[in-house]
Amino acid sequence: MASVSVPACTSALLLDIEGTTTPITFVKDILFPYIREHLEDHLSTHWEEDECKQDVHLLKKQIEEDMRQNRACPVHEVDQTVHTDEEKAIREVVDNVLWQMAADRKSTALKCLQGHMWRVAYSSGRIKGEVYQDVIPSIRTWRSLGMKVYIYSSGSVEAQKLLFGYSVEGNVLELFDGHFDTNIGAKVESKSYEKIAERIGCPAEEVTFLTDVSREAKAAEEAGMNVVVVVRPGNMELTDEERATYDLITSFSQLQLTARA
Ligand SMILES: [Mg+2]
């Protein structure tokens, strides 16, 4: 694939994570299975600690809310292997978390517990944040040309910082000037990109957004950003029309930037 030049006025790069800096399968094949496999152990180990108590408290409130809304919740069956009240309480939380994950729920309660578990996993070295080989060297080059580099992902800012703080290339957080998640708005809304441009103090026209998802590309473009679509193994196939509409790269190294004066 040929190189793609970004407009000479570009002063900032905004990067998506899944399908752009990182294999789209990382969350599905590494992060989520980690939760399913270590959930019971995590709860048993940390049950008496404040953070874990707070996570469980949030999950219980979510369960009450779900019952009120008549959402299908797992019915807890009497389990003969469970004896103490603590074991029973842990089993209930495990059942609920697995049910929420199977239903692809995005509740705050679920995200909090997952975030705390991943922090343990990353900091102990059991998980390393995956980034494609071309990503870090390219970002270093862009920075040497005077570019600012930001992340915008639907994963929480905390999760983003874990991924890059404990990445396969070590702690690379210093390469980023800021992080955005869906607290600023949905990734398919052009308003979100307007807000990001405002927040980083840079006209949208000076920002180049890299993503694998055409609906996000369209939203960023509507906000005035320059957009390049990243094609990685396992990403959603683009339509012929999308291929014709956007500049495409398969590696960050294909991006041609002009140094800032
Ligand atoms: Mg993506």
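Procedures and definitions
Residues numbered from 1 in each chain as written. Predicted model: local features only at pLDDT ≥ 70, side-chain atom pairs only at ≥ 80, totals over all residues. Heavy atoms only, no water. Pairing = 2+ DSSP bridges. Helix = DSSP H or I, 4+ residues; strand = E, 2+ residues; numbered from the N terminus. Axes fitted to C-alpha atoms, helices over the stretch in contact; angles between N-to-C directions. Buried < 20%, exposed > 50% of the residue type's maximum accessible area, 1.4 Å probe, protein only. Contact = heavy atoms within 4.5 Å. Patch = residues over 30% accessible without salt bridge, like charges linked within 9 Å, V, L, I, M, F, W, Y side chains within 5 Å. Areas by Shrake-Rupley, 256 points an atom, 1.4 Å probe, with all protein chains shown as cover. Salt bridge = Lys/Arg side-chain N within 4 Å of Asp/Glu carboxyl O. Lys, Arg positive; Asp, Glu negative; His and termini not counted. Charge placed at Lys NZ, Arg CZ, Asp CG, Glu CD. Domains from an automatic or database assignment. Buried area = accessible area lost by both parts, 1.4 Å probe. Nonpolar A, V, L, I, M, F, W, Y, C, P; charged D, E, K, R; others polar. Donors = N, O, S within 2.8 Å, 3.2 Å for Na, K, Ca; no water. Disulfide = S-S within 2.5 Å. 1 Å grid on protein atoms, 1.4 Å probe; cavity = no way out; pocket = protein on both sides within 12 Å on 5 of 7 lines; lining within 4 Å. Points joined across faces, edges and corners; volume = space filled by probe spheres on them. Phe/Tyr/Trp six-rings, centres within 6.5 Å; stacked < 30°, edge-to-face > 60°. Lys NZ or Arg CZ within 6 Å of the ring centre and 35° of its normal. Parallel < 35°, antiparallel > 145°, perpendicular 65-115°, else oblique.

(A) Inspection of the sheet that holds strand β4 (residues 178–180) at higher detail. Reading across from one edge, β4-β3-β2-β5-β6-β7 is the order of the six strands in this open sheet, with parallel pairing throughout. The outermost strands of the open sheet, each flanked by one partner alone, are β4 and β7 (247–249). Strand-to-strand twist of the sheet, defined as the mean angle between neighbouring strand axes without regard to direction, takes the value 25°. Bridge count between strand β6 (residues 226–230) and β7: three bridges; the pairing is parallel. Its bridge partner lying in β7, Val-228 is registered against Asp-247.

(B) Looking closely at the side chain of Ser-192. Note on placement: Ser-192 falls in helix α7 (residues 190–200). The exposure class of Ser-192 is buried, given its relative accessible area of 2%. Each residue touching Ser-192, except ones within four places of it in the same chain, is listed here: Tyr-152, Ile-184, Gly-185 and Ala-186.

(C) Geometry of a negative patch on the surface. The grouping of Glu-48, Glu-49, Asp-50, Glu-86 and Glu-87 at the surface amounts to a negative patch. Structurally, Glu-49 can be placed in the loop between α1 (25–46) and α2 (50–68). Residue Glu-49 is classed as partly exposed on the basis of its relative accessible area of 41%.

(D) Region of the structure containing the domain arrangement of the protein chain. Here the domain parsing of the protein chain yields domain 1 (4–22 + 129–256) and domain 2 (28–123). Together, the buried faces of domain 1 and domain 2 total about 580 Å²; carbon and sulfur atoms form 65% of this surface. Summed over the three residues of domain 1 that lose the most area to domain 2, namely Glu-158, Leu-162 and Tyr-166, the buried surface amounts to 67% of that side. For the interface between domain 1 and domain 2, the tally reads zero salt bridges. By residue class, the composition of the side of domain 1 that touches domain 2 is three nonpolar, two polar and two charged.

(E) Inspection of the coordination of the magnesium ion at higher detail. Every protein donor of the magnesium ion is listed here as Asp-16 (OD), Glu-18 (O) and Asp-212 (OD), and their distances to the metal cover 2.1 to 2.2 Å. Written as a sequence motif, the donor residues of the magnesium ion are D-x1-E-x193-D. Note on Asp-16: relative accessible area 4%, which makes it buried.

(F) Spotlight on the state of the cysteines. Applying the stated criterion to the full structure yields zero disulfides. Note on Cys-9: no disulfide assigned, nearest cysteine sulfur contributed by Cys-202 at a separation of 8.6 Å. Take Cys-9: its relative accessible area is 34%, and that puts it in the partly exposed class.

(G) Quick peek at the layout of surface pockets. By volume, the largest pocket is sized at about 1,200 Å³. In this structure, the largest pocket is lined by 38 residues; those nearest its centre are Glu-18, Val-27, Phe-32, Lys-106 and Gly-155. At the level of elements, α1, α4 (108–123) and α6 (157–165) are the ones that each hand at least two residues to the lining of the largest pocket. Looking at the lining of the largest pocket residue by residue, the classes come out as 14 nonpolar, 12 polar and 12 charged. Viewed by domain, the lining of the largest pocket spans two of them, domain 1 (4–22 + 129–256) and domain 2 (28–123), each represented by three or more residues.

(H) Fine view of the packing of aromatic side chains. Enumeration over the complete set of coordinates arrives at seven aromatic pairs. Judged by centre distance (4.7 Å) and plane angle (55°), the rings of Phe-164 and Phe-176 are tilted. Here Phe-176 lies in the loop between α6 and β4 and Phe-164 lies in helix α6, a separation of 12 residues in the sequence. Assessed through its relative accessible area of 0%, Phe-164 is described here as buried. With relative accessibility at 9%, the residue Phe-176 sits in the buried group. Members of the aromatic cluster, connected to one another through ring pairs, are Tyr-152, Tyr-193 and Phe-209. The aromatic ring of Tyr-152 is capped on one face by Lys-187, whose charged end is 5.4 Å from the ring centroid.

(I) Highlighting the packing of α1 against α4. Two elements in contact, α1 and α4, have axes separated by 10 Å at closest approach and are oriented at 95°. When the interaxial angle is binned, α1 and α4 end up roughly perpendicular. Residues Phe-26, Leu-31, Phe-32, Tyr-34, Ile-35, His-38, Leu-39, His-42 and Leu-43 of α1 form the contact with α4, whose own contacting residues are Leu-113, Gln-114, Met-117, Trp-118, Ala-121 and Tyr-122. The residue inventory of the contact of α1 with α4, partitioned by class, reads 12 nonpolar, three polar and no charged.

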